[in-house]
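Coordinates in review
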Amino acid sequence: MQIKILSDELASRIAAGEVVERPASVVKELVENSLDAGSTRVDVKVIGGGVKSILVIDNGMGIPPEQITTAFERFATSKIDESSDLISIPTLGFRGEALPSIASVARVAVVSMSVGASYGAKYNVDFGEAGPVGKIGTPQGTRIEVTDLFKNTPARLKFLGSSGRELSRVQSVLATLALVNPDVAFNLVADGRERLRTTGSGKLIDSMAGIYGEKIADQMIPLESDASGAFAVDGLVSSPSLTRANRTYITISVNGRYIQSRRLSYAIEQAYHGFLPDRRFPLALLRIRTPLEDVDPNVHPAKAEVRFLREDLVFSIVQRAIRGVLSVSAPIHEIGSSTTVASYGSTGTREVRISSRQGSLVEKSDPVLKTVQTKSSEIEDDIASKFYQSGPTPREALPVLRVIGQTHETYIVAEGPEGLYLIDQHAAHERVTFELVKHRYDNGGSEYQSLLEPLTVDLSPGLMTTAQEHQEDLNKVGWRFEEFGKSSLILRSVPGPLSAKVSADGAAEVLVEVLDELALGGSGDTWNHRLIATIACHASVRAGQVLSIDDCKNLVRQLEGAVRPNTCPHGRPTIVRLRVNDLEREFKRR
Ligand code: ADP
Ligand code: MG
């Protein structure tokens, strides 16, 4: 075969394959054009999932009549010019490929009235065939209708899903754009039925309510960061009581552009570490602002991914901001709330109070948390003063509870101002022990229990490496050991809280478990958390263990003293509440 240069028409159809994959990608490109044109209203109508027809109407600045044909040329754009570095691009589009690509695989009819023009223009391109430009009277803005998508490329048509499936993709594209652009009023009508509406009030909480509903919006916590720096993040993140089974409810924008980033989503999930149960994900709507030259948007044909110059910095800003708000607003779980979102009260679930109560965390007569080798009351006072400080960050606080007793050898029953409370004895003790060990760890003063007879612990080769790597941190929590041959350790001491609960052999098993955890990797903060959480887990009372009423009271007092009393270190609730109101309703008193 001879080498030839492809015709423009064929080149466009090839390019269209990258830009226009399905109806949702057409909607994305058209709506992004509307946004780039400064629209405050964007109305979208689709028929048959968008395959039959897509109509986008905006009130943006319009296309001047003499430029309307140029807009459909390949690589025709008003958004960048020769001087552009292709990095600091403030608009969503810049490649000049969308309109020609769409017009090469569909019938496109455009009507546009540009600001300052004396008449509107009308122009059609059918499967790459351009028609004449006509004059037309029309309100300011642009109206583009795309029909018979992929009719000339049956192979592509075959790859599309059912019209319902394609519609749901259109919906999610538009939902994302609406979430990221709260100052624009969006509307989607599919086959005559309204599917989505936002008000364009400019408030994130309103676009959240428009997309996910009021109930969910009510449970979002505003995220604010110091906006003075060049890097900033704000937005909304879900309270830990509201979770989802996947990551699709995490929406991120960078300088106004919606992006997908597995690594950033992961950073967000990590920020929830310890707040959410395993395999549950938060909802989040984050706006990241960076200097324009710090992101490269030109790395993906649909511009869905960007490259950050200082990725680690962006991640740490995001994580810090989220952890900051979570640590002050983890609510008490309502009974019944974990099954459906709908059963949440709209506002009453979030209970953040600043506690200025005085008291000491570790009571001297504490039978539950009795530890070997307690290093005098100094540490306790130190902890108490730390936990009870009324610093700038308010902490979660439990209401004052009156302990009634224990049930099923697992739960402590208590009453409080707002109802009946059940406390999971293991989760609660885990939380208390976790904070104690963590505090000591952070202050370099962990207690340890020396073993009377050093113990040999055999390890697999991989774990041996992990043990060597993390020896310093393991020492810091109380594990002292030295290597013995290629695959064994001689264990000389174990963490104090652990020694009170398990035998030396048991403690050795916990060490192996900890090493397994550490071998999973993760960065400093998270594996630190896991390390201490594992110790706390094994050092805590179990479900099924009988506690005296005094044991129960002690544990509840300690829990009241914790910084985050409402969840255990793994993110499960420590305490659930049955509201008096709900009781009255159940008993038909009201
Ligand atoms: P790009 O968005 O990458 O510039 P497009 O092919 O999507 O390329 O659009 C080409 C040009 O057409 C844009 O640069 C813009 O000037 C104009 N245009 C397209 N859609 C609109 C619209 N809805 N309102 C105003 N101008 C538009
Ligand atoms: Mg565009």
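Here is what the cut-offs are and how they apply
- Residues numbered from 1 in each chain as written.
- Chains lettered and ligands numbered in written order.
- Predicted model: local features only at pLDDT ≥ 70, side-chain atom pairs only at ≥ 80, totals over all residues.
- Heavy atoms only, no water.
- Helix = DSSP H or I, 4+ residues; strand = E, 2+ residues; numbered from the N terminus.
- Buried < 20%, exposed > 50% of the residue type's maximum accessible area, 1.4 Å probe, protein only.
- Core = buried A, V, L, I, M, F, W, Y, C linked by side-chain atoms within 4.5 Å.
- Contact = heavy atoms within 4.5 Å.
- Near = heavy atom within 4 Å.
- Polar contact = N/O pair within 3.5 Å; in protein donor to acceptor, adjacent residues only side chain to side chain.
- Areas by Shrake-Rupley, 256 points an atom, 1.4 Å probe, with all protein chains shown as cover.
- Nonpolar A, V, L, I, M, F, W, Y, C, P; charged D, E, K, R; others polar.
- Pairing = 2+ DSSP bridges.
- Axes fitted to C-alpha atoms, helices over the stretch in contact; angles between N-to-C directions.

**A word on unusual backbone geometry**
Within the chain, aspartate 148 stands out as a residue other than glycine whose phi angle is a positive 55 degrees. As for its position among the elements, aspartate 148 is in the loop between β7 (141-147) and α4 (154-159). Given the relative accessible area of 25%, aspartate 148 is considered partly exposed. One non-glycine residue with positive phi stands out, namely aspartate 191, at about 45 degrees. As for its position among the elements, aspartate 191 is in the loop between β8 (185-190) and β9 (193-197). What makes aspartate 191 partly exposed here is its relative accessible area of 48%.

**Some details on the nonpolar core**
Counting 57 residues, the largest nonpolar core has Leu30, Val31, Val44, Phe72, Val146 and Phe186 as its most contacted members. Setting aside residues up to four positions removed in sequence, leucine 30 forms contacts with Ile54, Val56, Leu99, Ile102, Ile144 and Val146. Within the second largest apolar cluster, 32 residues are counted, among which are Leu463, Leu474, Leu498 and Ala533.

**Details of the site of ligand 1**
Surrounding ligand 1, one finds 20 residues, the nearest of these being Asn33, Thr77, Ser78, Lys79 and Gly96. With respect to ligand 1, the side chain of asparagine 33 contributes an N or O atom lying 2.8 Å from an oxygen atom. Here aspartate 58 contributes a side-chain N or O atom positioned 2.9 Å from a nitrogen atom of ligand 1. Burial of ligand 1 by the surrounding chains reaches 93%, relative to a free accessible area of 530 Å². At the level of elements, α2 (23-36) and α3 (98-104) are the ones that each hand at least two residues to the shell around ligand 1. Among the elements that take part in the shell around ligand 1, α3 stands out by supplying three residues, more than any other. Partitioned by chemical class, the residues of the shell around ligand 1 number eight nonpolar, eight polar and four charged.

**Quick look at the sheet that holds strand β14 (residues 284-289)**
Reading across the sheet, the five strands line up as β10-β11-β14-β12-β13 and stay open at both edges, with mixed pairing between neighbours. The outermost strands of the open sheet, each flanked by one partner alone, are β10 (220-223) and β13 (257-259). For this sheet, the mean angle separating the axes of adjacent strands, direction not counted, is 15 degrees. Relative to β13, strand β12 (residues 250-254) runs antiparallel, the two being bridged by three bridges. The partner of valine 254 across the bridge, within β13, is arginine 257. Here helix α5 (residues 163-180) sits on the sheet and contacts β12, β13 and β14; the angle it forms with β12, its principal contact strand, is near 55 degrees.

That is the geometry; function is a separate question.
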